[in-house]
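Observations on the model geometry
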Amino acid sequence: MRRKRGGDWSRVELPDPAVPIDDSNLIALDQALAEFAAVHAEAAELVQLRYFTGLTIPQAAEALGISARTADRSWAYARAWLFHRISGEKLA
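Reading the values: rules and limits
Residues numbered from 1 in each chain as written. Predicted model: local features only at pLDDT ≥ 70, side-chain atom pairs only at ≥ 80, totals over all residues. Heavy atoms only, no water. Helix = DSSP H or I, 4+ residues; strand = E, 2+ residues; numbered from the N terminus. Contact = heavy atoms within 4.5 Å. Expected span 1.5 Å × (residues − 1). Buried < 20%, exposed > 50% of the residue type's maximum accessible area, 1.4 Å probe, protein only. Axes fitted to C-alpha atoms, helices over the stretch in contact; angles between N-to-C directions. Parallel < 35°, antiparallel > 145°, perpendicular 65-115°, else oblique. Left-handed = near helix turned anticlockwise from the far one by under 90°. Salt bridge = Lys/Arg side-chain N within 4 Å of Asp/Glu carboxyl O. Phe/Tyr/Trp six-rings, centres within 6.5 Å; stacked < 30°, edge-to-face > 60°. Lys NZ or Arg CZ within 6 Å of the ring centre and 35° of its normal.

Describing the overall build of the protein
Regarding its fold elements, the protein presents 4 helices and 0 strands. Helices (α) and strands (β) of the protein occur, in sequence order from the N terminus, as α-α-α-α. The long-range fraction of contacts in the protein, counting pairs at least 24 apart against all pairs at least 6 apart in sequence, stands at 49%.

This is how it looks when you write it as structure tokens:
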């Protein structure tokens, strides 16, 4: 591919946008994550690696010994589950 068409570019994964967390949200997140860990321990560990240590999906997947695709699916599921749990919405 030619350079002028972006042939020497490489894809860069951008971090999730940071959301300011106040103390009440942090407590709610901790409680929700504890509930989630009781049912989905590996996915909860993935959340901890991504959210609290700032690892990328591939880095967290390697740390957990799972594929990046599995980690990506688990991350999407965990984010949705935690969002619904913290916001009080029911999962379908």
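Notes on helix α4 (residues 68–87)
In a regular helix each residue adds 1.5 Å, so 20 residues correspond to 28 Å; α4 covers 28 Å between its end C-alpha atoms and thus fits that length. Every buried residue belonging to α4 is among Ala 71, Ser 74, Trp 75, Ala 78, Trp 81, Leu 82 and His 84, and all of these are buried. Gly 88 occupies a position one or two residues after α4 and carries a positive phi of about 85°.

A few points about the packing of helix α2 (residues 41–52) against helix α3 (residues 57–64)
In contact at an axis separation of 10 Å, α2 and α3 are set at 130° when each is read in the N-to-C sense. As judged from the angle between their axes, α2 and α3 are oblique. The two elements α2 and α3 meet at a crossing, and its hand is right-handed. Taken together, the residues of α3 that come into contact with α2 (itself represented by Glu 42, Glu 45, Leu 46, Leu 49 and Arg 50) are Ile 57, Ala 60, Ala 63 and Leu 64.

Overview of the pattern of salt bridges
Summed over all chains, the structure comprises 2 salt bridges. Here Arg 85 makes a salt bridge to Glu 35, at a shortest N to O gap of 2.5 Å. Taken as a pair, Arg 85 in helix α4 and Glu 35 in helix α1 (residues 23–39) lie far apart in primary sequence, 50 residues in all. Of the charged contacts in the structure, one is a salt bridge between Asp 72 and Arg 69, with a shortest N-O distance of 3.1 Å. Here Asp 72 pairs with Arg 69, and both are found in helix α4, just 3 residues apart, close to one helical turn. Overall, Asp 72 belongs to the partly exposed group, its relative accessible area being 35%.

Here we look at the packing of aromatic side chains
Counted by the stated rule, this structure contains 3 aromatic pairs. Each ring, one from Phe 36 and one from Tyr 77, has its centre 6.0 Å from the other, and the planes form 40°; the classification is tilted. Of this pair, Phe 36 sits in helix α1 while Tyr 77 is found in helix α4, placing the two residues 41 residues apart along the sequence. The class of Tyr 77 is partly exposed, set by a relative accessible area of 41%. Linked through ring pairs, Phe 36, Tyr 77 and Trp 81 together constitute an aromatic cluster. Positioned above the aromatic ring of Trp 75 is the side chain of Arg 50, whose terminal nitrogen or guanidinium carbon lies 4.5 Å from the ring centre.

What is shown is where atoms sit, not what they do.
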